[in-house]
Amino acid sequence: GGGVYFAGTSNLVLLENVTIANNIASNNGGAIFVNETMDVEMVNSILWDNQPNQIHIQNASSTVSASYSNIEGSYDGIGNLDVDPAFVSDGSTDFSLTESSPCIDAGDPDNDGDSYNWEIDPDDQDPDGTRMDMGAFYYHQQAAYTGPLWYISTSGSNASGDGSESNPYQTISKGIFEAANFDTVIVNPGTYYESIDYGGKFLVVGSQYILTQDTSFISSTIIDGSGVDRVVTFNNNENNVTTRLSGFTIQNGYTDSPRGYPNGFGGGIFVGQNCSPTLEHLIVIDSYAQYEGGGIHSEGTPILKNLIVSNNQSETNGGGISVTSFSNTIIDSSVISNNTSTTGGGLGVTSSSSNAVLTHCVFFNNTASVYGGGVYLSNGALSLLNCTIADNSLFNPGAGGGLYNLAGDVILSHTILYGNEPQQILGTGSITASFTCSSPVLDGVSNINANPIFVSDESHNYNLSDLSPCIDTGNPDYDGDGDNFHIDLDDRDPDGSRKDIGALYFDKRAHPS
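Quick notes on the rules
- Residues numbered from 1 in each chain as written.
- Predicted model: local features only at pLDDT ≥ 70, side-chain atom pairs only at ≥ 80, totals over all residues.
- Heavy atoms only, no water.
- Helix = DSSP H or I, 4+ residues; strand = E, 2+ residues; numbered from the N terminus.
- Rg over C-alpha atoms; globule rule 2.2 N^0.38 Å.
- Buried < 20%, exposed > 50% of the residue type's maximum accessible area, 1.4 Å probe, protein only.
- Contact = heavy atoms within 4.5 Å.
- Areas by Shrake-Rupley, 256 points an atom, 1.4 Å probe, with all protein chains shown as cover.
- Salt bridge = Lys/Arg side-chain N within 4 Å of Asp/Glu carboxyl O.
- Polar contact = N/O pair within 3.5 Å; in protein donor to acceptor, adjacent residues only side chain to side chain.
- Pairing = 2+ DSSP bridges.
- Axes fitted to C-alpha atoms, helices over the stretch in contact; angles between N-to-C directions.
- Phe/Tyr/Trp six-rings, centres within 6.5 Å; stacked < 30°, edge-to-face > 60°.

**Looking at the overall build of the protein chain**
Stage number 1. Scanning the protein chain from terminus to terminus reveals three helices and 42 strands.
Stage number 2. Taken over C-alpha atoms, the radius of gyration comes to 36 Å for the protein chain, far larger than the 24 Å a tight globule of 513 residues would show.
Stage number 3. Principal-axis analysis of the C-alpha atoms gives the protein chain an extent of 115 × 55 × 35 Å.
Stage number 4. By the burial criterion, 51% of the 513 residues in the protein chain qualify as buried.
Stage number 5. The contacts of the protein chain with a sequence gap of at least 6 include a subset with a gap of at least 24, amounting to 65%.
Stage number 6. Accessible surface for the protein chain amounts to roughly 21200 Å². Of this, 49% is attributable to carbon and sulfur atoms.

As structure tokens, this is what we get:
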């Protein structure tokens, strides 16, 4: 009886959640020795590494029964184990269980025998609310983290992290994989060298910007394709209104065709058919597509707002953004600049089934080799409302430095076309223009032929100067409801004055006369 010696007579001795380990007897029963007439019942216990054996019964009239116990050398009984219990330190007195112990959650599921098991009966649970463990010291389990906020950090771990704020994952892809529909993946500042795919889930993936509204997180939280892969993909029916990507710099994307469609389209971001994410507060830069959409390619119905799309390239169409197939794309309050392609250096729309609506967008310094340095429309529909298209060009002899409309339908309203080379606008498609500033003047209602007088063409500051003829020259009944700006707030700029022409209104509150 190196551990326990029983002698005498007794109806029953119960050993429950007992650990008997590292004991030695000179003859028998390193853990338990039963003499005379005894009945011993053991449950949820561990007998391990006792010498020369675990249990010795001296008298044939005695019994030792065991259930849900880990006994070295094996022992008959329901739920018994014969496997290393994985103590914290076998050679010392610390017989607590490690995380990998097989004795965790291996105790009697109905320990009190009332026919209700541990899942509904607190009497059958350890203090942490889980099924009883074997041994004297239960292992306290933290409840598994289940979101709905999943945190990512460059210093996190996909192996040991659980996605909580205190124990984040290391990659955005891991966060997306673990998240459920309608969860949010929060990405801490840093550079993440990976390609992410929403995989059909309705998620918000955002930097700390979405929690703080601090715009510095947009430039300090970077997803980098390393020049070998597209950065972000929506191509599996991510069509719920909650699907959102917000507050990142997306850079160094690359996609070519050898791997098959949709490769070659959307170097930075790809939005497939039947996908309708909101892409907001993003900087999309330095990305390449072999065919269309160096920065962003849309075949779905996304909303793009508050974007900077710059220094991207595609070989055929839409250096900055391409819109095709059955897409209905909305682009708002965005700046598209310094992008290049064969057609549509800044934006290319190339399907008769496509429709793009742009409001308060600025296109500048984009280039194309054939058509549409700033914007190109082959067919389909394009609306440019309160936009500024300036200083775009063709780097080979071509047509439509600002806008080229081959065979589509273009609506221009409250838009400026200025300084584009070799022409502001050209093409054989339909153009309906109103309250638009260009040179030469366009046919239509209340269009003007004038220099818009920006703050600075050279530094690409396309705000209106106080001398601009575009100030207070917009439609006095902007929403067409019969009431003009004098009485209708919907017909005013945010400063309370009549609508201006162009993407960036002149704020009279900041320039009192």
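**Details of the pattern of salt bridges**
Stage number 1. The full count for this structure, using the stated rule, is five salt bridges.
Stage number 2. The residue Lys508 makes a salt bridge to Asp472 at a minimum N-O spacing of 2.2 Å. Linking Lys508 in the segment after β42 (461-464) with Asp472 in the segment after β42, this pair joins segments that are 36 residues apart in sequence.
Stage number 3. With a closest N to O distance of 3.0 Å, Asp507 and Arg509 form a salt bridge.
Stage number 4. Beyond isolated ion pairs, a larger network of salt bridges with shared partners links Arg244, Glu280 and Lys305.

**A closer look at the side chain of Ser310**
Stage number 1. Checked against the element boundaries, Ser310 lands in strand β23 (residues 303-310).
Stage number 2. Of the residues examined, Ser310 reaches a relative accessible area of 9% and is grouped as buried.
Stage number 3. A distance of 3.2 Å separates a polar side-chain atom of Ser310 from the backbone oxygen of Ser337.
Stage number 4. Leaving out residues up to four positions away in the same chain, Ser310 has contacts with Val284, Ile285, Asp286, Ser337, Asn338 and Asn339.

**A closer look at the pairing of strand β17 (residues 244-251)**
Stage number 1. The buried fraction of β17 amounts to seven of the eight residues, a majority that puts the element mostly inside the structure.
Stage number 2. Bridge count for strand β14 (residues 204-207) against β17 is three bridges, and the pairing is parallel. Its bridge partner lying in β17, Val205 is registered against Leu245.
Stage number 3. Here three bridges tie strand β15 (residues 221-224) to β17, and the two strands are oriented parallel to one another. Note that in β17 the partner of Ile222 across the bridge is Thr249.
Stage number 4. Summarising the sheet, β17 and strand β20 (residues 278-285) pair through seven bridges and their orientation is parallel. The partner of Gln251 across the bridge, within β20, is Ile285.

**A word on the sheet that holds strand β5 (residues 39-43)**
Stage number 1. Reading across the sheet, the three strands line up as β2-β5-β8 and stay open at both edges, with parallel pairing between neighbours. The open sheet has two free edges, formed respectively by β2 (13-16) and β8 (63-67), since each of these has just one partner strand. Each adjacent strand pair in this sheet contributes to an overall mean axis angle of 15 degrees, direction not counted.

**Here's the deal with the sheet that holds strand β9 (residues 70-71)**
Stage number 1. Sheet architecture is open: three strands sit in the order β3-β6-β9, paired in parallel fashion. Strand pairing shows two members of the sheet lacking a second neighbour, β3 (19-21) and β9, which therefore form its edges.
Stage number 2. As defined by bridge partners, strand β6 (residues 46-48) adjoins β9 across two bridges and the pair is classed as parallel. In the strand pairing of β9, Leu47 is matched with Ile71.

**What about the packing of aromatic side chains?**
Stage number 1. Following the criterion strictly, the structure yields 16 aromatic pairs and no others.
Stage number 2. Relative to Tyr462, the ring of Phe454 has its centre 5.0 Å away and its plane inclined at 90 degrees; by these criteria the two rings are edge-to-face.
Stage number 3. On the basis of relative accessible area, Tyr462 is assigned to the buried category, the value being 3%.
Stage number 4. Through pairs of rings, three or more aromatic residues link up here, namely Tyr261, Phe265, Phe270 and Tyr291.

**Topic: unusual backbone geometry**
Among all residues except glycine, the phi angle is most often negative; among peptide bonds, the trans geometry is most common.
Stage number 1. Looking along the chain, the bond that leaves Gln51 and enters Pro52 is cis, with omega of 5 degrees.
Stage number 2. Along the polypeptide, Pro52 turns up in the loop between β6 and β7 (55-57).
Stage number 3. Note the cis peptide between Glu421 and Pro422, where omega equals 5 degrees.
Stage number 4. Relative to the helices and strands, Pro422 is located in the loop between β37 (416-418) and β38 (425-427).
Stage number 5. Positive phi, normally seen in glycine, also occurs at Asn17, with a value near 50 degrees.
Stage number 6. Tracing the backbone through its elements, the reader meets Asn17 in the loop between β2 and β3.
Stage number 7. You will see that Asn311, though not glycine, has its phi angle at about 60 degrees, which is positive.
Stage number 8. Here Asn311 is to be found in the loop between β23 and β24 (313-314).

**With respect to the side chain of Thr184**
Stage number 1. Mapped onto the secondary structure, Thr184 falls in strand β11 (residues 184-187).
Stage number 2. Overall, Thr184 belongs to the buried group, its relative accessible area being 16%.
Stage number 3. Those residues in contact with Thr184 that lie beyond four places of it in its chain are Pro148, Leu149, Trp150, Val204 and Ile210.

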